[in-house]
Each structure stands twice: as C-alpha cells, then as structure tokens.
Amino acid sequence: MKTVKVNIVTPDGPAYDSEVAMVIAKTVSGEIGVLPGHIPTVAPLAIGAVTLKNADGSQERVAVSGGFIEIRPEQISILAPSAELAANIDIKRAKESLARAEQRLQKKQDDIDFKRAELALNRAINRISVHEGNM
C-alpha cells in the first residue's frame, strides 16, 4: 500500500511526523480525505480531529485548533496553533477548560469576549471528543 509523509507542526515544534496511507481532516469548507499522490492543495483547517490511517489498518487521531493543511503528492504538512495526539490529551484539563468556557458563555456581562469564549469551548469539546474516540 502506498504511503505519504505527514508532519504536523505547531509553534511549540513538531507534533507528528510519520508515513500514513490516508489523512482525513476537517477544513473550513468541509471534510477532506487525502491519499498519496493527491494534487497540490492548501486549505484552512477548522477546529477538529485529523485522522491518520496507517498502512496496517490502524489509525491515530490528533486534535488541532485550526491552522492550514498543505498537500503535495509526496508530503502533507499541517501547520496548527496547537495539536495533540489523542493519547497525550490531559482529559482532566480539557474538562476544566470546557467548564470554564461554559461559565463564561452563561454570564451575560459586557466584559466577556463571547467569540473567544466560544472558540475556547469548541477547542475543549474537540480535545475531549478526540480523546474519547468520538467525532
């Protein structure tokens, strides 16, 4: 089975670097599935899971908080503000972030930045879903 090199990079450094058979990512215009040899493409990513399917049939999931995917026939690069492998997600911290974001959104105060609180809520939900294998 053909594979393609995938690297996921954040401002903190590399988060993933390996060969996979397929990548599934959530772009702002919908989900995209990428196989080796795909035509060159660049797309903005939504907050969501990136699924990395290995040649042996196993798969790994990574929670990303937006960014961009650059696809070339021989390599896929994902540049994201943050990226965490499902196994590395601190579920307790993610649930605490979810609770904080929900509290901020429930308060009807003028000093609350609702867009920021909503993004924090979406990131926390994504991390929990990726950790638990949902989405």
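Residues numbered from 1 in each chain as written. Predicted model: local features only at pLDDT ≥ 70, side-chain atom pairs only at ≥ 80, totals over all residues. Heavy atoms only, no water.

Going by the annotation in an unreviewed UniProt entry, the name recorded for the protein chain is ATP synthase epsilon chain, with Ureibacillus aquaedulcis given as the source organism. Among the UniProt annotations of the protein chain, the heading Subcellular location (unreviewed entry) holds the following wording: "Cell membrane". (UniProt positions renumbered as here; feature names shortened; annotations may be inferred.)

Brief notes about a nonpolar patch on the surface
Among the surface-exposed residues, Val-9, Val-42, Phe-68 and Leu-79 lie close enough to one another that they form a single nonpolar patch of about 370 Å² accessible area. With respect to the helices and strands, Phe-68 occurs in strand S6 (residues 59–72). Its relative accessible area of 47% is what places Phe-68 among the partly exposed residues. (Patch = residues over 30% accessible without salt bridge, like charges linked within 9 Å, V, L, I, M, F, W, Y side chains within 5 Å. Areas by Shrake-Rupley, 256 points an atom, 1.4 Å probe, with all protein chains shown as cover. Salt bridge = Lys/Arg side-chain N within 4 Å of Asp/Glu carboxyl O. Helix = DSSP H or I, 4+ residues; strand = E, 2+ residues; numbered from the N terminus. Buried < 20%, exposed > 50% of the residue type's maximum accessible area, 1.4 Å probe, protein only.)

Here we look at the pattern of salt bridges
Overall, the coordinates contain five salt bridges when judged by the stated rule. Across the pair Asp-17 and Lys-5 runs a salt bridge, and its minimum N-O distance is 2.5 Å. Residue Asp-17 is found in strand S2 (residues 13–20), and its partner Lys-5 is found in strand S1 (residues 4–10); the two are separated by 12 residues along the sequence. For Lys-5, a relative accessible area of 30% translates into the label partly exposed.

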